[in-house]
Amino acid sequence: MEPCEFIDVARKVLDTESAVRERAADEVTDHLSAYSPAQASSLATLLAAAAASEKENSTLEAELHAILELMSTGHVAVDHVAQLREIQLGESTPELREYIDDLLES
C-alpha cells in the first residue's frame, strides 16, 4: 500500500467520529493483501488502541474483526494488540467478550 493511502486509513481508524472509525475498520479488511508486514502490525496496534477506548459496540465489533483479519496475515502478534486488555469486559456483550478473549489468546 502506498504511504499516502496508509496514512489515510490510519487517520480514519483514529477519527473522532464513531461512524468513520467503523467504516475504516471495515475498509481495513478489504485490503489485507495490500499491507506490508509493518503496515499490518501498525494498523492492528492503532485499531487495538481505538478499541480500548471505544464506546460504540458496533464500532468495537468492526475494530475487533479488522484486528482478527490482520492477525490472519501472520504479521500481527498478540503484543501488537495488548491494549485490548484495557477493555472493560464486564461492560461488553458476551459476543464481544468472546471476541476479545480469542484475540488475546491467539
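Refer to the structure printed above.
A brief structural summary. Small disclaimer: the values here were computed from a predicted structure and weren't measured. (Residues numbered from 1 in each chain as written. Predicted model: local features only at pLDDT ≥ 70, side-chain atom pairs only at ≥ 80, totals over all residues. Heavy atoms only, no water.)

### Concerning helix H3 (residues 37–52)
Thinking step 1. Taking 1.5 Å per residue as the helical rise, H3 with its 16 residues ought to reach 22 Å, and the 23 Å between its terminal C-alpha atoms agrees with that figure.
Thinking step 2. For H3, every residue scored as buried is listed here: Gln39, Ala40, Ser41, Leu43, Ala44, Leu47, Ala48, Ala50 and Ala51.
Thinking step 3. In this fold, the buried residues of H3 make contact with helix H1 (3–13), helix H2 (18–30) and helix H4 (57–71). (Helix = DSSP H or I, 4+ residues; strand = E, 2+ residues; numbered from the N terminus. Expected span 1.5 Å × (residues − 1). Buried < 20%, exposed > 50% of the residue type's maximum accessible area, 1.4 Å probe, protein only. Contact = heavy atoms within 4.5 Å.)

### As for the packing of H2 against H4
Thinking step 1. Here H2 crosses H4 at 20°, and the two axes come no closer than 8 Å. Taken together, the axis directions place H2 and H4 in an arrangement best described as roughly parallel. Both H2 and H4 take part in a crossing whose hand is left-handed. Here Ser18, Arg21, Glu22, Ala25, Asp26, Val28 and Thr29 of H2 lie close against H4, whose contacting residues are Ser58, Thr59, Ala62, Glu63, His65, Ala66, Glu69 and Leu70.
Thinking step 2. Grouping the constituent residues of the contact of H2 with H4 by class yields five nonpolar, five polar and five charged. (Axes fitted to C-alpha atoms, helices over the stretch in contact; angles between N-to-C directions. Parallel < 35°, antiparallel > 145°, perpendicular 65-115°, else oblique. Left-handed = near helix turned anticlockwise from the far one by under 90°. Nonpolar A, V, L, I, M, F, W, Y, C, P; charged D, E, K, R; others polar.)

### Notes on the pattern of salt bridges
Between side chains of opposite charge, pairing is possible as soon as their charged atoms come close.
Thinking step 1. Under the criterion given, the structure shown has four salt bridges.
Thinking step 2. Residue arginine 21 pairs with glutamate 54 through a salt bridge whose shortest N-O separation is 2.9 Å. Here arginine 21, found in helix H2, pairs with glutamate 54, found in the loop between H3 and H4; they are 33 residues apart in sequence, far enough to count as distant. No difference in accessibility class separates arginine 21 from glutamate 54, as the two residues are buried.
Thinking step 3. Salt bridges here are not isolated pairs; linked through shared partners, they connect Asp8, Lys12 and Glu27. (Salt bridge = Lys/Arg side-chain N within 4 Å of Asp/Glu carboxyl O.)

### Topic: a negative patch on the surface
Thinking step 1. Taken together, the side chains of Glu61, Glu95, Glu98, Asp101, Asp102 and Glu105 present a region of like negative charge at the surface.
Thinking step 2. Examining the composition of the negative patch, we find that five residues originate from one element, helix H5 (residues 94–105), more than from any other.
Thinking step 3. As for its placement among the helices and strands, aspartate 101 is situated in helix H5.
Thinking step 4. For aspartate 101, a relative accessible area of 34% translates into the label partly exposed. (Patch = residues over 30% accessible without salt bridge, like charges linked within 9 Å, V, L, I, M, F, W, Y side chains within 5 Å. Areas by Shrake-Rupley, 256 points an atom, 1.4 Å probe, with all protein chains shown as cover. Lys, Arg positive; Asp, Glu negative; His and termini not counted. Charge placed at Lys NZ, Arg CZ, Asp CG, Glu CD.)

### Some details on the packing of H3 against H4
Thinking step 1. At a minimum axis separation of 9 Å, H3 and H4 run at an interaxial angle of 155°. Between H3 and H4, the angle falls in the class roughly antiparallel. As for how H3 packs across H4, the hand of that crossing is left-handed. Touching Ala40, Leu43, Ala44, Leu47, Ala48, Ala50 and Ala51 of H3 are Leu60, Glu63, Ala66, Ile67 and Leu70, all from H4.

All quantities given are derived from atomic positions and should not be read as evidence of function.
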